[in-house]
Amino acid sequence: MIYEEIKHILKDIKECSPGQDEFYQATREVLESIVPLLEADSRYLEQNIIKRLVVPDRTIIFRVNWVDDRGVVQTNLGYRVQFNSAIGPYKGGLRFHKSVNLGVVKFLGFEQIFKNALTSLQIGGAKGGSNFNPKGKSDNEVMRFCQSFMNELYKYIGKNRDVPAGDIGVGKREIGYLFGQYKKLTGDFDGVLTGKGLNWGGSFGRKQATGYGSVYFAQEHLGVYNNSLEGKTCVVSGSGNVAIYTIEKLQDLDAKVVACSDSTGTIYHKNGIDLASLKAVKEIHRESLKSYAKIHPDSKFIDISHYPEGGHAIWHIPCDVAFPSATQNELSLIDAKELVKNGCILVNEGANMPTTPDAIEYLQQNGVLFSPGKAANAGGVATSQLEMSQNAAMTQWNFEEVDIKLHQIMKSIFKVAYETSIEYKNRGNLIVGANIAGFKKVADSMIDQGAV
Ligand code: NDP
Ligand code: 2IT
């Protein structure tokens, strides 16, 4: 009966959002996994909570014109999807990548609702971005793009209304240009964006937060099975903000990271990734990982085109723990089979929805522990909320204070996801645990606030 109702709602979503495959994938995972809760409590279906949750409060789409270095006017699309504000102001990142479209922004915004609820902080769910491709653009071009993007976005955001942050292609540089333009347009210096520079309202620890948080989560997860990260061989996909600080914390904890990747290929460094070189190549020079292989001739660069039949080189490298930390659907069934064959014990998602549904099913059937992104990567947004808190109090905590809070938040997210999985008779299935715990908090708040 409840399965029928869910199937019906999913069919409606598919019909109403044609071509939005990622959004459909994200809603399907959440809706199918909360069935045990819907069976136990009839209020959610009676009050139409699910149908209300899968439609954003509002979707803003706008044109962004900007002038490139040759003086030519370029045009991109800008998006902000304000999904749900039941538990706090809209909160979520901005993604600048050529693959951004409405379906991608909606999937990210939908996931953000439950992730933010899991942090136990007062933040609603949103996401935004643009199909602007920052690759090969000069700083001035990025600046002009960000200014034009903010010329429209500023109308819809505010420190108590909607607080964007970074995501793929949006880091401290872009947040700076966006913040500068917001200030110019409104005259207000306030915490309307997070991920700001440390001199102008940023929080210590925000840069590290998603990666460190992901590792803290993995540590808690392995701890339940009397295991730990110490001495483990790890692979971390991506080599951006999340991946770099995942690697840093893993190395702090004496795990060995032997591989990372980017959009051009994979680095396999059997002796262990050298973090200083990685930061120089990716954070400072914004180059391909091919440059890393030039610095370290004992490492191997495997081109992205290596597996034309599907699958990604990084998941073929034997590891104990895999941290997909680049992008959505980057770990497919073919990859899951390789991980199982090579004895991987945990897949811990640093990215949003990096593992395809059939890959997740295969990993779970084969006894691989699985940490879903909306729980494991919540440290970034949680620390963004700590930034908002510091801004509101006009204060700045030191790195240790923020890191202790982050560690505590990750422990409690793990605990609530794990305990909820037990309560709903799926011990250890953190997809069920995280989705039910996040959903329940948002849905109960919606019921409290009436049909608005
Ligand atoms: P960055 O832009 O800093 O880094 C992204 C990395 O992934 C880059 O190395 C990039 O390669 C690679 N990558 C991106 N898209 C693709 C693709 N289509 N194919 C292959 N490689 C790709 O982003 P973040 O590290 O911030 O984000 C990574 C993931 O983590 C995303 O899923 C994001 O949504 C998620 N996330 C981020 C948070 C944050 O605080 N930043 C918080 C929670 C989740 P290249 O270097 O060649 O561009
Ligand atoms: O996916 C995410 O949680 C982020 N990109 C971070 C969002 C935020 O508001 O810090």
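Above this text you will find the structure in question.
All residue numbers refer to position in the chain's written sequence, counted from 1. Throughout, the order in which chains and ligands are written sets their labels, letters from A for the former and numbers from 1 for the latter. The model is predicted, so local features are restricted to residues of pLDDT at least 70 and side-chain atom pairs to those at 80 or more, both for listing and for counting; the totals for chains, interfaces and linings are taken over all residues. Computation of side-chain values covers all heavy atoms of the structure but excludes hydrogens and water.

With that out of the way, let us pick up the site of ligand 2. For each residue, the test is whether any non-hydrogen atom lies within 4 Å of the molecule or strand; if one does, the residue is near. Close to ligand 2 lie 14 residues, the nearest being Lys 91, Lys 115, Lys 127, Asp 167 and Ser 384. Counted as a polar contact is a pair of N or O atoms within 3.5 Å, where, for protein atoms, one must be capable of donating a hydrogen and the other of accepting one, and residues adjacent in sequence contribute only when both atoms are in side chains. Between ligand 2 and Gln 112 there is a distance of 3.0 Å, counted from an oxygen atom to a side-chain nitrogen or oxygen. Of all the secondary structure elements, the ones that give two or more residues to the shell around ligand 2 are strand 3 (90-96), helix 6 (102-118) and helix 16 (379-392). Taken together, the residues that form the shell around ligand 2 break down as 2 nonpolar, 7 polar and 5 charged. Per the convention used, a helix needs a DSSP run of H or I reaching at least four residues, while a strand needs a run of E reaching at least two, with both numbered from the N terminus. As a working rule, the residues Ala, Val, Leu, Ile, Met, Phe, Trp, Tyr, Cys and Pro are called nonpolar, Asp, Glu, Lys and Arg charged, and the rest polar, with Gly in that last group.

Let's shift gears to the pattern of salt bridges. Once the charged atoms of two side chains with opposite charge are near each other, the side chains can pair. Only one rule defines a salt bridge in this text: a Lys or Arg side-chain nitrogen within 4 Å of an Asp or Glu carboxyl oxygen. Under the criterion given, the structure shown has 22 salt bridges. A salt bridge links Asp 167 to Arg 95; its shortest N-O distance comes to 2.7 Å. One end of the pair, Asp 167, is in the loop between strand 5 (162-165) and helix 8 (172-186); the other, Arg 95, is in strand 3, and 72 residues separate them in sequence. No difference in accessibility class separates Asp 167 from Arg 95, as the two residues are buried. As a salt-bridge pair, Arg 173 and Asp 139 come within 2.7 Å of each other at their nearest N and O atoms. One end of the pair, Arg 173, is in helix 8; the other, Asp 139, is in helix 7 (residues 139-153), with 34 residues separating them in the sequence. Relative accessibility under 20% of the residue-type maximum defines a buried residue, over 50% an exposed one, and the middle range a partly exposed one, all with a 1.4 Å probe and only protein chains included. For Asp 139, a relative accessible area of 43% corresponds to the partly exposed category. Salt bridges sharing partners connect three or more residues here, namely Asp 41, Arg 43, Lys 440 and Asp 444.

Neighbouring ligand 1 are 24 residues; Lys 135, Asp 167, Thr 210, Ser 263 and Asn 352 lie closest to it. Contact between ligand 1 and Lys 135: an oxygen atom at 2.8 Å from a side-chain N or O atom of the residue. Lys 282 has a polar side-chain atom sitting 2.9 Å from an oxygen atom of ligand 1. Methods summary: accessible areas were calculated by the Shrake-Rupley approach with a probe of 1.4 Å, and residue burial reflects only the protein chains presented. In the complex, 83% of the free accessible area of ligand 1, which totals 890 Å², lies under the protein chains. Within the residue set of the shell around ligand 1, elements represented by two or more residues are helix 9 (206-224) and helix 10 (241-252). Per-class residue counts for the shell around ligand 1 are 4 nonpolar, 13 polar and 7 charged.

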